[in-house]
Amino acid sequence: MTHDELVQLDSQYIMHTYGRFPVDIDHGKNATLYALNGQKYIDFASGIGAASVGHCNPAWISAITEQIQKLGHISNLFYSQPGPKLAQKLCQRSGMSDVFFANSGAESNEGLIKLARKYSFDKYGKGRNAILTLKNSFHGRTITTLTATGQDVFHNYFFPFDQGFRYATPTLEGIKEVEGDDVCAVMLELIQGEGGVLPMDQGFIHDLAALCTQRDWLLLVDEVQTGIGRTGTLFCYQQYGIQPDAVSFAKGIAGGLPFGGFLANEKCRDVLTPGTHASTFGANPVCAAAALAVLDILDDAALNAVKEKGTYLRSAIEAMNLPCLGKTRGLGLMIGIEVKGNVSNRELAVRLIQNGLLVLTAGPGLRLLPPLTITKDEMDQGLAILRNTLKS
Ligand SMILES: *Cc1c(COP(=O)(O)O)cnc(C)c1O
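A few points on the structure. (Residues numbered from 1 in each chain as written. Predicted model: local features only at pLDDT ≥ 70, side-chain atom pairs only at ≥ 80, totals over all residues. Heavy atoms only, no water.)

## Topic: the sheet that holds strand 6 (residues 165-168)
On the basis of which strands lie adjacent, the open sheet formed by seven strands has the order 4-12-11-10-7-5-6 and mixed pairing. Because the sheet does not close on itself, it has two edges, and the strands there are strand 4 (98-102) and strand 6. Each strand axis lies, on average, 20 degrees off the axis of its neighbour in the sheet, ignoring direction. In this structure, strand 5 (residues 130-134) lies alongside strand 6, joined through four bridges in parallel fashion. Its bridge partner lying in strand 6, Thr133 is registered against Tyr167. (Pairing = 2+ DSSP bridges. Helix = DSSP H or I, 4+ residues; strand = E, 2+ residues; numbered from the N terminus. Axes fitted to C-alpha atoms, helices over the stretch in contact; angles between N-to-C directions.)

Below you can see the structure in the form of structure tokens.
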């Protein structure tokens, strides 16, 4: 099949919900990808942070292959090994007490919302169900997670949206402006991803955690993008020195297979009882086996390397002093780059992609989410494309 035939097939039969770049990808190895016509790309996007351990990672492939030859799916009506083994690893490495497995980021965040409302219902009865989220946040595409998303552009067309969400500016004063007796939780990203790679202030997060304890609001952290090693620790909250009541994850957890879930602490144990929450594919054995391989690959040494690689990329980009790029920000391999001058981030991304470097946009800037296993050589190849494309 040629590129043009593929584009034709896609646009005839797939709903036009994505503004795709004019590039196809056929196969890849770690952070290097190839199109149908053989053109090579360096991957600074990893499928929006999902291909966390690189493309076709050998250990990931063996884990999946071994599992799928034994059992592909069984549902949560029966026991099977990969789910509980994965749950144990996640709890031990996060300090949380138990986990619910789901299939996507939005679904995992829906779980956080249900957990918070049921926690409050059990303890205080009806009416204490509002959740505070932050302006400029992104929590997903279902009606409820769209409502939770603190950006007006997402609150269109699909009326009626849900009740029970209020949006705060990310300061303690901002939270106090919208608080009330009806609040049961605060949900936030520690680094807003889609919003433009915007890290939250450490002091604000500490004050907020203390306020949550004082008011008995659950502190819900959406780590769908920041989690599973992206920022150089298994979860980003570990670098903020807080212990949330519950935390969601998805994107990178199964190295590119659809998977997600949320972890909760002791306080939330047995809030979600039989019949109150479920998922047909949750803890699917193949996805859970893939996630086990991902966690093995992302050991302490690999996570420290994520921090070093992030520092290396950011200082190399800043040292280029390119006319169209400003400051970089983020943590680990979640990097935002300011775009300057009269060129848009989308135009820059198109040019970089044409020249063989896959990048993402976020807010008004560029965003880099390379595979966490990217090599020095792959980073240098990507940086060379960036320099040559944007120097003029
Ligand atoms: C991507 C993302 C989501 C949504 O995840 P899906 O798997 O697309 O449903 C939710 N929250 C954050 C912070 C994300 O980055």
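On we go.
## Considering the nonpolar core
Soluble, globular proteins show a tendency: their nonpolar side chains are buried together. In terms of nonpolar packing, the biggest core is built from 94 residues, with Leu86, Leu90, Ile175, Leu188, Ile228, Phe259 and Leu325 touching the most fellow members. In terms of residues, this core owes the most to one element, helix 10 (residues 285-297), which gives eight residues. Setting aside its immediate chain neighbours within four residues, Ile175 contacts Leu132, Leu134, Ala168, Thr169, Phe204, Leu208, Leu211 and Trp217. Within the second largest apolar cluster, 20 residues are counted, among which are Leu115, Leu218, Ala246 and Ala264. (Core = buried A, V, L, I, M, F, W, Y, C linked by side-chain atoms within 4.5 Å. Buried < 20%, exposed > 50% of the residue type's maximum accessible area, 1.4 Å probe, protein only. Contact = heavy atoms within 4.5 Å.)

## Section: the site of the ligand
Surrounding the ligand, one finds Ser104, Gly105, Ala106, Asn109, Phe138, His139, Gly140, Glu189, Asp222, Val224, Gln225 and Lys251. In this structure, a nitrogen atom belonging to the ligand sits 3.4 Å away from a main-chain N or O atom of Phe138. Within the contact set of the ligand, a nitrogen atom lies 2.8 Å away from a side-chain nitrogen or oxygen of Asp222. Taken by itself the ligand offers 380 Å² of open surface, and the protein chains cover 80% of this. The element contributing the most residues to the shell around the ligand is helix 5 (residues 105-124), with three residues. Counted by class, the shell around the ligand contains three nonpolar, six polar and three charged residues. (Near = heavy atom within 4 Å. Polar contact = N/O pair within 3.5 Å; in protein donor to acceptor, adjacent residues only side chain to side chain. Areas by Shrake-Rupley, 256 points an atom, 1.4 Å probe, with all protein chains shown as cover. Nonpolar A, V, L, I, M, F, W, Y, C, P; charged D, E, K, R; others polar.)

## Notes on the pairing of strand 7 (residues 183-188)
The element strand 7 is extensively covered by neighbouring structure, given that six of its six residues are classed as buried. Pairing geometry for strand 5 and strand 7, over three bridges, is parallel. Counted as the bridge partner of Leu132 is Val186 from strand 7. Taken together, the four bridges between strand 7 and strand 10 (residues 218-222) define a ladder with parallel strand orientation. Across the sheet, Val186 pairs through a bridge with Leu219, a residue of strand 10.

## Focus on the sheet that holds strand 15 (residues 357-358)
Here four strands make up an open sheet; going across it, the order is 1-2-3-15 and the pairing mixed. Edge positions in the open sheet fall to strand 1 (27-29) and strand 15, since each of these has one partner strand only. Summarising the sheet, strand 1 and strand 2 (residues 32-34) pair through three bridges and their orientation is antiparallel. Counted as the bridge partner of His27 is Tyr34 from strand 2.

## Comments concerning unusual backbone geometry
Following Phe159, the chain continues into Pro160 via a peptide bond in cis, with omega recorded as 0 degrees. Checked against the element boundaries, Pro160 lands in the loop between helix 6 (143-148) and strand 6. In this structure, Ala283 is a non-glycine residue whose phi angle is positive, near 65 degrees. Following the sequence through the fold, Ala283 ends up in the loop between strand 12 (260-264) and helix 10. When its relative accessible area of 14% is taken as the criterion, Ala283 is described as buried. A positive phi angle is found at Asn321, which is not glycine, with a value near 50 degrees. Topologically, Asn321 is positioned in the loop between helix 11 (300-320) and strand 13 (325-331).

## Here we look at the packing of aromatic side chains
The geometry of an aromatic ring pair comes down to the distance between the two centres and the angle between the two planes. The tally for this structure, following the rule as stated, stands at seven aromatic pairs. Note on Phe159 and Phe161: the rings are 5.3 Å apart at their centroids and 90 degrees apart in plane angle, and the pair reads as edge-to-face. Each residue in the set Phe235, Tyr237 and Phe249 is aromatic and connected to the rest through ring pairs, giving one cluster. The ring of Tyr124 carries the charged tip of Arg128 above its face, separated from the ring centre by 4.0 Å. (Phe/Tyr/Trp six-rings, centres within 6.5 Å; stacked < 30°, edge-to-face > 60°. Lys NZ or Arg CZ within 6 Å of the ring centre and 35° of its normal.)

## Some details on the side chain of Lys309
Following the sequence through the fold, Lys309 ends up in helix 11. At a separation of 2.8 Å, a polar atom in the side chain of Lys309 contacts the main-chain carbonyl oxygen of Ile374. What Lys309 contacts, discounting residues up to four positions off in sequence, is Leu333, Leu372, Thr373, Ile374 and Met379.

## A few points about a negative patch on the surface
There is a patch of like negative charges on the surface, built from Glu173, Glu177, Asp201 and Asp207. Examined against the element boundaries, Asp207 turns out to sit in helix 8 (residues 202-215). (Patch = residues over 30% accessible without salt bridge, like charges linked within 9 Å, V, L, I, M, F, W, Y side chains within 5 Å. Salt bridge = Lys/Arg side-chain N within 4 Å of Asp/Glu carboxyl O. Lys, Arg positive; Asp, Glu negative; His and termini not counted. Charge placed at Lys NZ, Arg CZ, Asp CG, Glu CD.)

## So, the pattern of salt bridges
Summed over all chains, the structure comprises 13 salt bridges. Note that Asp296 and Lys89 form a salt bridge whose closest N and O atoms lie 3.1 Å from each other. A residue pair is termed long-range when its members are at least 10 positions apart, and Asp296 in helix 10 and Lys89 in helix 4 (residues 82-94) qualify at 207 residues. Residue Lys89 is classed as partly exposed on the basis of its relative accessible area of 28%. A salt bridge links Lys267 to Asp245, with the shortest nitrogen-to-oxygen separation between them at 3.5 Å. Of this pair, Lys267 sits in the loop between strand 12 and helix 10 while Asp245 sits in the loop between helix 9 (237-240) and strand 11 (246-249), placing them 22 residues apart in sequence. It is possible to trace a salt-bridge network through shared partners that takes in Lys123, Asp216, Asp245 and Lys267.

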